[in-house]
Amino acid sequence: MTSRTRKFGGLTPQLVLLPTIVAALVYVVVFSIWTLWVSVSKSTMLPDMSFSGFGEYAALWKSHRWIVAYQNLFVFGTLYVGGSILLGTLLAILIDQRVKYEAVWRTIFLYPLAISFIVTGTVWRWIFHPQTGLGRALSDFGWIADKVDWITDRDLALYVVVFTGVWHASGFAMALILAGLRSVDADLIKAAQIDGASVPRTYRKVVLPTIWPIFVAVAVVLLQFAIKTFDLVVALTQGGPGVATTVPAIVVFDLMFQRGQIAQGAAAAVMILLALMIVLVPYALLNARRNRKDKRHG
Amino acid sequence: MADALHQAFDPLATGSRRRQLGARTIVYAILVVFSLVYLSPILIILMNTFRPLDEIVRDGFISFPKSVSLEYWIEAWGSFCIGGTCEGVSRYFTNTILMTVPATVLSTAFGLVNGYILSKWRFRGDGWIFGLITLGVFLPAQMTLLPWAFVLGKLGLSNTIAGLVLVHTVQGISFTTLFCRNYFVSVPDDLIKAARIDGAGFWRIFRRIMLPLSPPILIVCVIWQFTGIWNEFLFGTVFTSGGNQPITAAIVAFSGSGTGERHYNVEAASVIFAALPPLFIYLIGGKYFVRGLTSGAVK
Amino acid sequence: MSSLEISNLRKSYGSVEVLKDINLSAESGEFVALVGPSGCGKSTLLSIIAGLESITSGEVRIEDKLVNDEAPKDRDIAMVFQSYALYPTMTVRENMTFGMECRNVPKTEQAEAIDRVAELLQIGHLLDRKPGQLSGGQRQRVAMGRALVRDPKLFLFDEPLSNLDAKLRIEMRTEIKKLHKNVGKTMVYVTHDQIEAMTLATRIAVMHKGVLQQYDTPNAIYETPANLFVAGFMGSPNMNFLSGRVVSTGGKASVRLDGTGITLPLDGVRCGAPADGQEVILGVRPEHFSPAHEQRAERKGKVSVKVPVAIDMEEPTGAETILMTRIGGHEAIIVCEPDEAPRPGETMEFAIDMAKVSLFDPKSEARL
């Protein structure tokens, strides 16, 4: 037996993994550094790799479009995450009441996740269409006299996007929270019953606090979705009216592929990455610390 | 405490019968109302695929069809004009299949092997490598658009389906490796040790031990990847154009073009075509869908 | 007035009957243990008493009040769970006051109750900690504290010691017994460990497959088990069952062990009058054998019968030696003192204390 076969498996694992390692290195590291470099280069329509400084970042933060986009992201992100978790919790609690046909309810609330953001946005855009959509139907039924043109209203359009996003993602929140509800020790609930807690009080003070890690996890994942939101806005409002529903991802696309300002576009992309890191890094650290604490307590 | 027939706890179980009935009615009522809200978009779009255009314009989107016809479906598939070509969505549908299936198969295959390696084989730096691959899951696509455009151009794959397959495969490997590795970690190490004592090598262990255990995670990967790649828009619209686009991009194209009359019914049918495959997979494999959510997202 | 009265209780899940016609009553201050193997229905019975499960038919009365339809919080009971079920995000103090908060008890009363119970259980220094920071024994005490703070009519325990290691279990067992003495309330205690039941209870209810097998004092259950199941379940090592046939000669009945010539006269055995030729099962506990030459039973004025015993294996435990033996081909376990124990392979005569023997009918499994 040669010494190579004696060291079992030899280098096979590493060799097999190699293509993936290379791909990941290129995809994650090289591409990111490249984009980073472009953001500080003199590129406009085509890449020009000479250093230019952080001027594009400054220009970005001075542009009205970007600032509004960032503000929109804040509003959208908060409402989207908050709304999805609230709605998801409500639905999960309802289903947790040992209702019949549970699989049916779950299927209904989760199917939006199987549908692309594009289809979601397109469909809801029709429903919110000023002349022929929801407003028309409601007034046909004799319910409201006013027109429903929220989607073309500068102040309200963003909330239409929020609504659509929550419709899409609340099923996801519901699925995870329901799993969490089910994981609570049944004895805890029995003890609360014997203690005399009503059903709402039991959920409020006993069940939900016990599964707080799940809420954090859901919030983190949804925040990620929010930061990367692009498809939904494109299909729903194209970023309009004006810049009322523009989000950073749209600005990136616009700068890179429609205005020929790839340096500034790259800068915007880096800003998106930073925003993501601000959300993910603390979460990862929190998790790592909890895992270490769990191991110590055994 | 292991009584044989221990039923799961029912919060509404004790207390007066009448109060229970009242509470349960409220629960079901709320669920039904929400279900209608959730289902309405699809139902509305579906209804509109059967109605003639003048009826839609006259009565608005949200009303019952007064007449039903299947011709708009046929038109949507084969003769609808999108962005210059009048071939309906069939071409884009085919594009998407040609993109999604290979990318799903490749990324899942790589994911299985990578997951096997990273969960069962120790070598220097394996933690770092796993971290690197996992980062690929979180990296925003915007950071990779410019470099990919450059690379695809250099490889001669600009504006081709093959280019999209490459992009999706590379990105997909991060996901599938993460899922598979976390799944394989739960396979007892002792199985591998016993196999090694029996003389099995790297590939034999994979074929005879890991692969037979993999169907649950395999299905999750396939469902997750297929749905994700089929529904993806950004890469599709950036790296391809015109007749080579996947169906999600095509839908945006015809929604945007304001020239001429909007054939809402045909567009509705096209939208349903775009949504159908992932929806179909979801309805069949829903259980695995959820499993993918809970295992992948909460890591 | 009895503290707890269960009459003709039946419980079914769908078509499966889990509790069959249970009749049980406990006087004030009693400690009732519900014992039985997994699946016998003891936990279900406890849940029904607590009001956590509904009744199919029958009645449950707590201090003469019918509580069939009452919610748990209206039954004035307290429960200690196997997993303790302490609310993980609340401090010990909050855990104990939660029930009082739900019932809108004034804060001063709450504080008094906490002080009283903390003093009794010695958990005053733990009040501001969270359950995750406590040891198993401390959690056990907090769980009991939560129950005590309610000052209920009935205490229910659902296998509270099963999660503890052997040594801690014995310590906590003593604490529970002390608690019962101090507090003096009626307690219903579910366990699968018959030693816990024997040491703690004033009366034991042995259950098997949803049927109450016997409800009596620990002594009575141990000495005069009502059927084969109770005889075999209670006591460790298990009671020996020797099959035989009754032989009546001249008005005196004896049992001849099947397949042997060994005959055991039934003088001094507590049983009815068996018929000649009747098949019976003779039940003898391992500790009721003694070396024949010692004549232990005779010295106490009782009767004993000698049998030849062939030793197959021995298991010395230090305090005693357990012998695997054969009596004329029937396998039997005998317990004796280490220095009297014969070696494996030897044969020795042992005497059976006939006053301690039980006779059972093989078909009905009931005591004769």
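Residues numbered from 1 in each chain as written. Chains lettered and ligands numbered in written order. Predicted model: local features only at pLDDT ≥ 70, side-chain atom pairs only at ≥ 80, totals over all residues. Heavy atoms only, no water.

### Thoughts on the overall build of chain B
- Check the secondary structure of chain B and you find 13 helices and zero strands.
- Starting at the N terminus, the α and β elements of chain B follow one another as α-α-α-α-α-α-α-α-α-α-α-α-α.
- Considering chain B as a whole, with its 299 residues, one finds that 52% of them fall into the buried category.
- Taking contacts inside chain B between residues at least 6 apart in sequence as the whole, the part at least 24 apart equals 68%.
- Surface exposure of chain B reaches about 13200 Å², of which carbon and sulfur atoms provide 68%. (Helix = DSSP H or I, 4+ residues; strand = E, 2+ residues; numbered from the N terminus. Buried < 20%, exposed > 50% of the residue type's maximum accessible area, 1.4 Å probe, protein only. Contact = heavy atoms within 4.5 Å. Areas by Shrake-Rupley, 256 points an atom, 1.4 Å probe, with all protein chains shown as cover.)

### Overview of the interface of chain A and chain B
- Counting residues at the interface gives 89 residues for chain A and 90 residues for chain B.
- Remark: the boundary between chain A and chain B carries zero salt bridges.
- Inspection of the region where chain A meets chain B yields twelve residue pairs in polar contact (both at pLDDT 80 or more).
- Here the side of chain A that touches chain B takes 18 residues from helix H2 (residues 12–39) of chain A, the largest share from any one element.
- Considering only residue class, the side of chain A that touches chain B consists of 62 nonpolar, 17 polar and ten charged. (Salt bridge = Lys/Arg side-chain N within 4 Å of Asp/Glu carboxyl O. Polar contact = N/O pair within 3.5 Å; in protein donor to acceptor, adjacent residues only side chain to side chain. Nonpolar A, V, L, I, M, F, W, Y, C, P; charged D, E, K, R; others polar.)

### Re the domain arrangement of chain C
Residue and element names in this part refer to chain C.
- The domains assigned to chain C are domain 1 (2–225) and domain 2 (240–360).
- Domain 1 and domain 2 are separated by 40 Å when their C-alpha centres are compared.
- Contacts between the two partners involve five residues from domain 1, matched on the other side by six residues from domain 2.
- Carbon and sulfur atoms make up 35% of the surface buried where domain 1 meets domain 2, a total of about 480 Å² over both sides.
- Taken as a group, Tyr222, Glu223 and Pro225 account for 88% of the area that domain 1 buries against domain 2, more than any other trio of residues on that side.
- On inspection of domain 1 and its partner domain 2, the count reaches one salt bridge.
- Counting across the domain 1 and domain 2 interface gives two residue pairs in polar contact (both at pLDDT 80 or more). (Domains from an automatic or database assignment. Buried area = accessible area lost by both parts, 1.4 Å probe.)

### Notes on the sheet that holds strand S12 (residues 252–257) of chain C
Residues and elements named next belong to chain C.
- Here we have five strands laid out as an open sheet, ordered S13-S12-S11-S14-S20, and antiparallel in their pairing. If you trace the sheet from one side to the other, it starts and ends with strand S13 (263–265) and strand S20 (358–360), each paired once. Here the strands of the sheet are splayed against their neighbours by 40° on average, with no regard to which way each runs.
- Here strand S11 (residues 240–249) pairs with strand S14 (residues 279–284) via six bridges, running antiparallel. From the neighbouring strand, Asn240 faces S14, where its bridge partner is Val284. (Pairing = 2+ DSSP bridges. Axes fitted to C-alpha atoms, helices over the stretch in contact; angles between N-to-C directions.)

### Here we look at the packing of H2 of chain A against helix H6 (residues 145–155) of chain B
- Relative orientation of the contacting elements H2 of chain A and H6 of chain B amounts to 105°, with a least axis distance of 8 Å. What the angle tells us is that H2 of chain A and H6 of chain B run roughly perpendicular. On the side of H2 of chain A, the interface is formed by Tyr27, Phe31, Trp34, Thr35 and Val38 of chain A, while H6 of chain B contributes Leu146, Pro147, Trp148, Phe150 and Val151 of chain B.
- In terms of residue class, the contact of H2 of chain A with H6 of chain B is made up of nine nonpolar, one polar and no charged. (Parallel < 35°, antiparallel > 145°, perpendicular 65-115°, else oblique.)

### Section: a positive patch on the surface
- On the surface, Arg289, Arg292 and Lys293 of chain A together with Lys130 of chain C cluster together into a positively charged patch.
- With respect to the helices and strands, the residue Lys293 of chain A is situated in helix H14 (residues 262–297). (Patch = residues over 30% accessible without salt bridge, like charges linked within 9 Å, V, L, I, M, F, W, Y side chains within 5 Å. Lys, Arg positive; Asp, Glu negative; His and termini not counted. Charge placed at Lys NZ, Arg CZ, Asp CG, Glu CD.)

### Quick word on the state of the cysteines
- Overall, the coordinates contain zero disulfides over all chains when judged by the stated rule.
- Left without a disulfide partner, Cys180 of chain B is nearest to the cysteine sulfur of Cys221 of chain B, which lies 3.7 Å away. (Disulfide = S-S within 2.5 Å.)

### Let's talk about the domain arrangement of chain B
Residue and element names in this part refer to chain B.
- Under the domain assignment, chain B is made up of domain 1 (15–78) and domain 2 (90–294).
- A straight line from the C-alpha centre of domain 1 to that of domain 2 covers 32 Å.
- Contacts between the two partners involve 14 residues from domain 1 and, on the opposite side, 13 residues from domain 2.
- Here domain 1 meets domain 2 over a buried area of about 1400 Å², counting both sides, of which 82% is carbon and sulfur.
- Viewed at the interface, domain 2 and domain 1 are joined by zero salt bridges.
- For the pair domain 1 and domain 2, the interface holds one residue pair in polar contact (both at pLDDT 80 or more).
- Of all elements in the fold, only helix H1 (17–48), helix H2 (53–59) and helix H3 (71–78) reach the threshold of two or more residues within the side of domain 1 that touches domain 2.
- Sorting elements by how many residues they give to the side of domain 1 that touches domain 2 places H3 first, with five residues.
- Residues that form the side of domain 1 that touches domain 2 fall into these classes: ten nonpolar, two polar and two charged.

### A word on a negative patch on the surface
Residue and element names in this part refer to chain C.
- Residues Glu109, Glu112, Asp115 and Glu119 make up a contiguous surface patch of negative charge.
- Within the secondary structure, Glu119 sits in helix H3 (residues 107–121).
- Take Glu119: its relative accessible area is 56%, and that puts it in the exposed class.

### Comments concerning the side chain of Glu232 of chain B
- Mapping Glu232 of chain B onto the fold places it in the loop between helix H10 (215–230) and helix H11 (234–239).
- For the buried Glu232 of chain B, no salt bridge is present, and the opposite-charge side chain at shortest range is Lys228 of chain A, 10 Å distant.
- Once residues lying within four places of it in the same chain are set aside, the contact partners of Glu232 of chain B are His168 and Thr248 of chain B.

### Digging into the confidence of the model for chain C
All names here are of chain C.
- Of the residues in chain C, 99% reach a pLDDT of 70 or more, and the chain-wide mean stands at 88.
- Looking at the elements of chain C, mean pLDDT is at its lowest for helix H9 (residues 296–299), recorded as 76, and at its highest for strand S3 (residues 31–35), recorded as 95.
- Predicted as a complex, the structure gets a pTM of 0.80 and an ipTM equal to 0.83. (pLDDT = per-residue confidence, 0-100.)

### Observations concerning the sheet that holds strand S19 (residues 347–353) of chain C
Residue and element names in this part refer to chain C.
- In space, the five strands of this open sheet follow the order S15-S19-S16-S17-S18, with antiparallel pairing throughout. Every other strand in the sheet has two partners, leaving strand S15 (289–291) and strand S18 (330–336) as the edge strands with one partner each. Recorded for the sheet is a direction-independent mean angle of 50° between the axes of neighbouring strands.
- By the bridge criterion, seven bridges tie strand S16 (residues 304–316) to S19 in an arrangement that is antiparallel. Counterpart to Lys306 in the pairing with S19 is Ala351.

### With respect to the packing of aromatic side chains
- Enumeration over the complete set of coordinates arrives at 40 aromatic pairs over all chains.
- Plain terms: the ring middles of Trp167 of chain A and Tyr38 of chain B are 6.4 Å apart, the flat faces sit at 25° to each other, and that makes the pair stacked. With Trp167 of chain A in helix H8 (residues 157–182) and Tyr38 of chain B in helix H1, this pair bridges two chains. The pair formed by Trp167 of chain A and Tyr38 of chain B is uniform in burial state, with each residue classed as buried.
- Judged by centre distance (5.6 Å) and plane angle (25°), the rings of Phe235 of chain B and Phe239 of chain B are stacked. With Phe235 of chain B and Phe239 of chain B both in helix H11, this residue pair falls four residues apart, about one helical turn. (Phe/Tyr/Trp six-rings, centres within 6.5 Å; stacked < 30°, edge-to-face > 60°.)

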